[in-house]
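Reading the structure
Here is what each chain is made of, one letter per residue.
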Amino acid sequence: MAETFFKAIEPELVWRTVFYARNEAGQAIARCIDAFYNPVRRHCGLDHISPAQFERTASC
């Protein structure tokens with residue numbers, strides 16, 4: 001799972017950004033996880049739907 005995460009976040013954020021401090025990189029990665037990776041990005045373990053969409057359909 002971690003390998004999949006790093007494979008996704010590296011080209012989407014890390015390779016496109018110049019960070020001047022370690023905490024700046026940490027904050028950007030945390031924002032990426034909270035705003036995109038967890039709620040929006042499609043996951044193969046959820047039949048290629050986002051976690052937010054999965055939760056909406058599972059609640060019904």
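Calculation criteria
- Residues numbered from 1 in each chain as written.
- Predicted model: local features only at pLDDT ≥ 70, side-chain atom pairs only at ≥ 80, totals over all residues.
- Heavy atoms only, no water.
- Helix = DSSP H or I, 4+ residues; strand = E, 2+ residues; numbered from the N terminus.
- Buried < 20%, exposed > 50% of the residue type's maximum accessible area, 1.4 Å probe, protein only.
- Contact = heavy atoms within 4.5 Å.
- Areas by Shrake-Rupley, 256 points an atom, 1.4 Å probe, with all protein chains shown as cover.
- pLDDT = per-residue confidence, 0-100.

**Some details on the overall build of the protein chain**
A tally of regular secondary structure across the protein chain gives three helices and zero strands. Listed by position from the N terminus, the elements making up the protein chain come as α-α-α. A total of 60 residues make up the protein chain; the buried ones form 18% of that total. Pairs at least 24 apart in sequence give 24% of the contacts found in the protein chain among residues at least 6 apart. A total accessible area of about 5000 Å² is found for the protein chain, and carbon and sulfur atoms account for 57% of it.

**A word on the confidence of the model for the protein chain**
Mean pLDDT over the protein chain: 78, with 83% of residues reaching 70 or higher. Mean pLDDT across the elements of the protein chain ranges from a minimum in helix H1 (residues 2–12), with 70, to a maximum in helix H2 (residues 22–37), with 83.

**Regarding the side chain of Ser-50**
Summarising the element assignment, Ser-50 is placed in the loop between H2 and helix H3 (51–59). Here Ser-50 is in contact with Pro-39, Val-40, Arg-41 and Arg-42, once residues within four sequence places are set aside.

**Focus on the environment of Phe-19**
If you trace the backbone, Phe-19 turns up in the loop between H1 and H2. When near neighbours in sequence (up to four residues on either side) are disregarded, Phe-19 contacts Leu-13, Val-14, Glu-24, Ala-25 and Ala-28.

**A word on unusual backbone geometry**
Apart from glycine, the bulk of residues carry a negative phi angle, and the bulk of peptide bonds sit in the trans form. Positive phi, close to 60 degrees, is recorded for Asp-47, a residue that is not glycine. Relative to the elements of secondary structure, Asp-47 occurs in the loop between H2 and H3. Residues other than glycine seldom take positive phi values, yet His-48 does so here, at roughly 60 degrees. Its place among the elements puts His-48 in the loop between H2 and H3. Note on His-48: relative accessible area 53%, which makes it exposed.

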